[in-house]
Amino acid sequence: MADRRRPLKTVTGVSGAVSIYDAAIDPSTSTVASAIEVAKTAEANKIDGLFAADLLSFGAQGAIGAQEPLIFLAALSAVTTHVGLIATVTTTFHHPFNLARLFGTLDHVSNGRAAWNAVTSSLGEENYSDLDLPSPEERYARAAESLEVVNALFDSWKTGALIQGEGSAVLDPSRVVPIEHRGKYFTVQGPLNIPSLPQRRPVQFQAGQSAGGIELGARFAEVVFTSLATFEDAVTYTKTIRARAAELGRGDELPLIFSSFHATYGATEAEVERLVREAEESTDFDAGRTRLADMFGGDVDFSELPLDRPIPESLLPDPSSVNRRRGRVEIFGKLASQGKTLRELIIASKDTGHWAAAGTPEQLADAIEERYDAGVLDVITLGDLADPRTRDFVTNGLLPELRKRAIVGSDYVGGTFRENLELPPLPPVSGA
């Protein structure tokens, strides 16, 4: 890496907007229309990536939720030229050969801007079989094998397999080799049947910060998407996952730490205080009890508990006993153990355990700068640019302030997403 510090990289969400409902009933409008405007705004403001979430169940986390991320981002690739395209796709319900083809194709159609946010899913199993959701241990074991297979498929095209000839490409079939994988979950002969990728591999993101998530991220991820509510959480997590990555021979630079930033912002401190107060006063505590129960794995009943008392310790599940969202169970279990009341926990659950802060653009930039300077923040989400107020705050308030402090860069620095993130080089291809 260069002597200078890598600038903080920026991302904005691009899927799941309420406007897809309006577009869905208007035959003259595409459901990607509002996302196109977000994508263009992001690129005009030199934001590094577009992040597409995914939900696999009707009604579980919003009536419809996000549309299929890969198709959604493929559409956006045609109206952008630089911004990265991060698709969330589960390893639990997909086969790695299909994943390699899908992400490889996205990398090609976008000229090297694809990224995969690998998740193991805590919902949606009813739509893929009549079997129960596998345990977290099983899901992470499958994910590890899936990532091994996908990377092997990307690397099945060795250096020099495809070169420019006189007027056309020249293929050396001897340098496109089978992977001959035989594992617990998958048998994949290979090689990948699409050409070698512009980035060789799409950028590997990974979400999940339970013990299993940390192990998977330390082994494979180039960027980890995290829920780190406090500065202390960020320091502890970063030390833990980077130490494990170093033990696995990946050096001390990876993975990059990617945090979602839930900001309440105002032009003055008085406005910020008013907005925070109004948000708390408008809380639907009945719905909030259900949401908080989901943060604890879904099997806890808070319906009869008083709002202004702590949750009895006897009601709190052991994270290791929970089959869904163990990372969230750990986050909210820690908050409950600190004596926070049910009311406080319900309000906190609006941010689902993510980093939340309130302030003026300068105060919020201070909070970001603290983590950046401590080396525990490399990539950050900046809010929903489809919302006019948030868009104005990001483009005219927060981003200019961060650039004034030389924390965020002023332009893209390469042709691919991997180059723009300024990631270390990929390990050499075996047998190349």
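Thresholds, definitions, all that
- Residues numbered from 1 in each chain as written.
- Predicted model: local features only at pLDDT ≥ 70, side-chain atom pairs only at ≥ 80, totals over all residues.
- Heavy atoms only, no water.
- Helix = DSSP H or I, 4+ residues; strand = E, 2+ residues; numbered from the N terminus.
- Rg over C-alpha atoms; globule rule 2.2 N^0.38 Å.
- Contact = heavy atoms within 4.5 Å.
- Areas by Shrake-Rupley, 256 points an atom, 1.4 Å probe, with all protein chains shown as cover.
- Buried < 20%, exposed > 50% of the residue type's maximum accessible area, 1.4 Å probe, protein only.
- Pairing = 2+ DSSP bridges.
- Axes fitted to C-alpha atoms, helices over the stretch in contact; angles between N-to-C directions.
- Core = buried A, V, L, I, M, F, W, Y, C linked by side-chain atoms within 4.5 Å.
- Parallel < 35°, antiparallel > 145°, perpendicular 65-115°, else oblique.
- Nonpolar A, V, L, I, M, F, W, Y, C, P; charged D, E, K, R; others polar.
- Phe/Tyr/Trp six-rings, centres within 6.5 Å; stacked < 30°, edge-to-face > 60°.
- Lys NZ or Arg CZ within 6 Å of the ring centre and 35° of its normal.
- Right-handed = clockwise from strand over helix to strand, strands pointing away.
- Expected span 1.5 Å × (residues − 1).

(A) Fine view of the overall build of the chain. Within the chain, the regular secondary structure consists of 14 helices and 14 strands. Taken against the 2.2 N^0.38 rule, which gives 22 Å for 432 residues, the C-alpha radius of gyration of the chain at 22 Å falls within 12% of a compact globule. Across the chain, every contact between residues at least 6 apart in sequence was considered, and the portion connecting residues at least 24 apart equals 74%. Taken as a whole, the chain presents about 19500 Å² of accessible surface, with 52% of it coming from carbon and sulfur.

(B) Up close: unusual backbone geometry. Here the amide bond leading from G190 into P191 is cis, since omega sits at 0°, within 30 degrees of zero. A cis amide bond links L254 with the next residue in sequence, P255, at an omega value of -5°. Tracing the backbone through its elements, the reader meets P255 in the loop between α7 (231-247) and β11 (256-259). Here E180, not a glycine, exhibits a phi torsion of approximately 50°, which is positive. As for its position among the elements, E180 is in the loop between β6 (169-171) and β7 (181-182). Given a relative accessible area of 53%, E180 falls into the exposed group.

(C) Spotlight on the sheet that holds β11. One closed barrel holds the 8 strands; their spatial order is β1-β2-β3-β4-β9-β10-β11-β14, and the pairing between them is parallel. Ignoring which end each strand starts from, the neighbouring axes of this sheet average 25° apart. One ladder, built from 4 bridges, connects strand β10 (residues 223-226) with β11; its direction is parallel. When the sheet's bridge partners are listed, F225 is paired in β11 with F258. Each of β3 (84-90) and β4 (114-119) touches helix α4 (residues 96-109); the most contacted strand, β4, lies at about 150° to it.

(D) A look at the nonpolar core. With 63 residues, the main nonpolar core has V14, L76 and I368 as its most contacted residues. With 8 residues, the top contributor of residues to this core is helix α5 (residues 136-154). Not counting chain neighbours up to four residues away, the residues in contact with V14 comprise A35, V38, L50, F51, A52, F72, L73 and L76. Counting residues in each nonpolar core, the second largest holds 18 residues, with M295, V300, V329 and I331 among its members.

(E) Examining the packing of helix α9 (residues 285-295) against helix α11 (residues 342-349) more closely. Interaxial distance between α9 and α11 falls to 9 Å at its minimum, and their mutual angle equals 75°. Put simply, α9 runs roughly perpendicular to α11. On α11, the residues touching F285, G288, R289, R291, L292 and M295 of α9 are L342, R343, L345, I346, I347 and S349. Taken together, the residues of the contact of α9 with α11 break down into 7 nonpolar, 2 polar and 3 charged.

(F) Up close: the pairing of strand β2 (residues 49-52). The alternating pattern of β2 places G49 and F51 and L50 and A52 on opposite faces, both of which are buried. Sheet analysis places strand β1 (residues 9-13) next to β2, joined by 3 bridges and oriented parallel. The residue bridging V11 from the neighbouring strand is G49, located in β2. The pairing of β2 with β3 spans 4 bridges and is parallel. Residue pairing across strands places F51 opposite I86, the latter belonging to β3.

(G) The arrangement of the packing of aromatic side chains in detail. The final tally for this structure, using the stated rule, is 12 aromatic pairs. Judged by centre distance (5.7 Å) and plane angle (75°), the ring pair of F296 and F302 falls under edge-to-face. Among the aromatic side chains, those forming a connected cluster through ring pairs are F51, F205, F225, F258 and F417. The ring of Y372 has R5 lying over it, and the distance from NZ or CZ to the ring centre is 3.9 Å. The lysine or arginine in question, R343, covers the ring of F285, its NZ or CZ lying 5.1 Å from the ring centre.

(H) Geometry of the environment of L76. Secondary-structure assignment places L76 in helix α3 (residues 69-77). Given the relative accessible area of 0%, L76 is considered buried. Placed 198 residues apart in sequence, L76 and R274 show a C-alpha to C-alpha distance of 37 Å. With residues up to four places along the chain from it excluded, the contact list for L76 reads V14, V32, A35, I36, A39 and L50.

(I) Spatial organisation of the pairing of β4. In terms of residue burial, β4 counts as a mostly covered element, since 6 of its 6 residues are buried. Burial of the side chains of β4 extends over both faces: A114, W116 and A118 are buried on one face and A115, N117 and V119 on the other. On the question of chirality, the crossover connecting β3 to the parallel β4 by way of α4 is right-handed. Pairing between β4 and strand β9 (residues 203-207): 4 bridges, direction parallel. For W116, the partnering residue across the bridge sits in β9 and is Q204.

(J) Fine view of helix α12 (residues 361-373). When the terminal C-alpha atoms of α12 are compared, their 18 Å separation across 13 residues agrees well with the 18 Å that a helix rising 1.5 Å per residue should span. In the core, the buried residues of α12 are packed alongside α7, β11, β12 (261-265), β13 (355-359), β14 (379-381) and α13 (388-404). A positive backbone phi angle near 75° is found at G375, which sits one or two residues after α12.

(K) Quick look at the environment of G383. Assignment of secondary structure puts G383 in the loop between β14 and α13. When the C-alpha atoms of G383 and V14 are compared, they prove to be 9.8 Å apart, with 369 residues separating the residues in sequence.

(L) Molecular detail of the packing of α3 against α4. Running from amino to carboxyl end, α3 crosses α4 at an angle of 10°, the nearest separation of the two axes being 9 Å. With respect to α4, the axis of α3 lies roughly parallel. Seen from α3, the contacting residues are L70, L73, A74 and S77; seen from α4, they are L102, F103, L106 and V109. The class makeup of the residues in the contact of α3 with α4 is 7 nonpolar, 1 polar and no charged.

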